[in-house]
Amino acid sequence: MRIYDLIIVGAGPAGITASVYAARKRMDFLVITGDIGGQTAWSADIENYTGYQFVTGPELVDKFEKHMRSYDTNVKEGEGVTGVEKTGGLITIKTDKEREYQAKTVIIASGKRSKELGIPGEKEYKNKGITYCATCDGPLFSGKTVAIIGGGNSALDAALQLERIASKTYIINNTPRLGGDAIMLQKVEKAVNVEILNDSSVLAISGDKFVNSITIKSGEEEKRLPVEGIFVEIGLIPNSDFVKDVEKNNLGEIRINNRNETNVPGIFAAGDVTDVPEKQIVIAAGEGSKACLSAFRYLAQH
Amino acid sequence: MAKNVKIYSTPTCPWCIRTKQFLKDNSIAFEDYDVGSDQIKADEMVAKSGQMGVPVLDIEGEIIVGFDKERIKAALGL
């Protein structure tokens, strides 16, 4: 089996930047990823990526992808990594296409994904009333009654987007009061068709072909709300399940030092999948570059 | 012969933009329906795909939900 210098897992800002550095160092490497762009592809407006006063997520991802591919980089797209294991001096990667790859170093840059509710009805009604992307699917709920599950900035953002679309919006929040930025919170509290239900959790989602109601528990009381749309905005979890041997924190984020090294020599990590303090596109990109340079140095020494 | 390609999308959806860009990059002509403002097309999309997520592509009657590059390529013969 061919042994690569480096395999990069993921092609968001961290993975793509790592790939650019790897190409420029003429490393023998491969990128394996489910999608291109990661969470950046889901972002609407980006106003804090240096050099762009304003750019949309899709535009920035397009630039990232073209930069990566300008080096004829070998990208296995649409291929999910299911296992990363180090035995002897080599790291073996297994994928959902039943393939195996081997490398001397690996950079895990697999990012985060939307957290799911884990309640009855969620699987059945995904995309049949339940959505994890208010920006994408919001306009389809014109004139309908909807519920947003969550209480942070992304929930507030969804509420403000839906204010002009839905006829009525419930915010189901399981803490005593909403979190998020003060400016957004004020706007949401002023919105006429938004009803905030604090100390409330969702127990089940039901419907026939599509969602028609949710069951919630408010304090001690259980009740059913008729809704046709459900927007899940309860945060993100790291895509780190497929790598068992590295140390993670209690959120499942991979622990790294300031050289992007994990506790396993030769396995590096970068971006939102790690315990790096801030999750930003510009930070993920910088971390990807650092991780690649660390991997390069490691190869020179081993 | 050019295939009949329709896309049901919303103006704000990042994956819709990426899908349309992909079609343009491959010189594929398509009709674009904004299901956020066109309720008839929104209903048509839900009836065809049995779900409410965008984008939805209709390539000569083959319905593809989401930016599924491999399936889109296969359906277009790219």
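Preceding this section is the structure that the text describes.
Heads up: these notes are all about the structure in this document. (Residues numbered from 1 in each chain as written. Chains lettered and ligands numbered in written order. Predicted model: local features only at pLDDT ≥ 70, side-chain atom pairs only at ≥ 80, totals over all residues. Heavy atoms only, no water.)

Further remarks concern the overall build of chain B. From N to C terminus, chain B includes 3 helices and 4 strands. The order of helices and strands in chain B, counted from the N terminus, is β-α-β-α-β-β-α. Taken over C-alpha atoms, the radius of gyration comes to 11 Å for chain B, in line with the 12 Å a tight globule of 78 residues would show. Structurally, chain B occupies a C-alpha span of about 30 × 25 × 20 Å along its principal axes. (Helix = DSSP H or I, 4+ residues; strand = E, 2+ residues; numbered from the N terminus. Rg over C-alpha atoms; globule rule 2.2 N^0.38 Å.)

All names here are of chain B. Across the sheet, which stays open at both edges, the 4 strands sit in the order β2-β1-β3-β4 with mixed pairing between neighbours. Every interior strand has two partners, whereas the edge strands, β2 (31-34) and β4 (62-65), have only one. The average undirected angle you get between the axes of adjacent strands in this sheet is 20 degrees. Bridge analysis of strand β3 (residues 56-59) against β4 gives 4 bridges, and the strand direction is antiparallel. (Pairing = 2+ DSSP bridges. Axes fitted to C-alpha atoms, helices over the stretch in contact; angles between N-to-C directions.)

Counted by the stated rule, this structure contains 21 salt bridges over all chains. Linking A:R255 and A:E247 is a salt bridge whose minimum nitrogen-to-oxygen distance equals 4.0 Å. For A:E247, a relative accessible area of 43% puts it in the partly exposed group. The partner of B:K48 in a salt bridge is B:D58, with the nearest N and O atoms 2.6 Å apart. In this pair, B:K48 is assigned in helix α2 (residues 39-49) and B:D58 in strand β3, connecting sequence segments 10 residues apart. Here B:K48 falls in the partly exposed class, since its relative accessible area comes to 32%. A cluster of three or more residues bridged by salt bridges with shared partners is formed by A:E65, A:R69, A:E77, B:R18 and B:K69. (Salt bridge = Lys/Arg side-chain N within 4 Å of Asp/Glu carboxyl O. Buried < 20%, exposed > 50% of the residue type's maximum accessible area, 1.4 Å probe, protein only.)

Let's shift gears to the packing of helix α2 (residues 57-69) of chain A against helix α1 (residues 14-25) of chain B. Relative to each other, α2(A) and α1(B) sit at 50 degrees, their axes nearing to 9 Å. When the axis of α2(A) is compared with that of α1(B), the two are oblique. With respect to the hand of their crossing, α2(A) and α1(B) are arranged in right-handed fashion. Here A:P58, A:V61, A:D62, A:E65 and A:K66 of α2(A) come into contact with α1(B), specifically with B:P14, B:I17, B:R18, B:Q21 and B:D25. (Parallel < 35°, antiparallel > 145°, perpendicular 65-115°, else oblique. Left-handed = near helix turned anticlockwise from the far one by under 90°. Contact = heavy atoms within 4.5 Å.)

Contacts between the two partners involve 20 residues from chain B and, on the opposite side, 23 residues from chain A. For the pair chain B and chain A, the summed buried surface comes to about 1900 Å²; carbon and sulfur atoms form 61% of the total. Contact with chain A buries surface across chain B, with B:W15, B:R18 and B:M52 losing the most and accounting together for 37% of the total. Linking chain B with chain A are 3 salt bridges. A salt bridge links B:K69 to A:E65, with the shortest nitrogen-to-oxygen separation between them at 3.7 Å. Remark: the boundary between chain B and chain A carries 6 residue pairs in polar contact (both at pLDDT 80 or more). For the side of chain B that touches chain A, the secondary structure elements donating two or more residues are α1 and α2 of chain B. Looking at the side of chain B that touches chain A element by element, the count peaks at 6 residues for α1(B). Looking at the side of chain B that touches chain A residue by residue, the class counts come to 10 nonpolar, 7 polar and 3 charged. (Buried area = accessible area lost by both parts, 1.4 Å probe. Polar contact = N/O pair within 3.5 Å; in protein donor to acceptor, adjacent residues only side chain to side chain. Nonpolar A, V, L, I, M, F, W, Y, C, P; charged D, E, K, R; others polar.)

Turning next to the sheet that holds strand β11 (residues 145-149) of chain A. Within a sheet, neighbouring strands are paired by backbone hydrogen bonds and run either parallel or antiparallel to one another. Residue and element names in this part refer to chain A. Here we have 5 strands laid out as an open sheet, ordered β10-β17-β11-β12-β13, and parallel in their pairing. Each end of this open sheet is capped by a strand with a single partner; those strands are β10 (130-131) and β13 (194-197). Here β11 pairs with strand β17 (residues 229-232) via 4 bridges, running parallel. Residue pairing in the sheet places V146 in a bridge with G229 of β17. Taken strand by strand, helix α4 (residues 153-163) contacts β11, β12 (168-172) and β17, and its axis lies near 165 degrees from that of β11.

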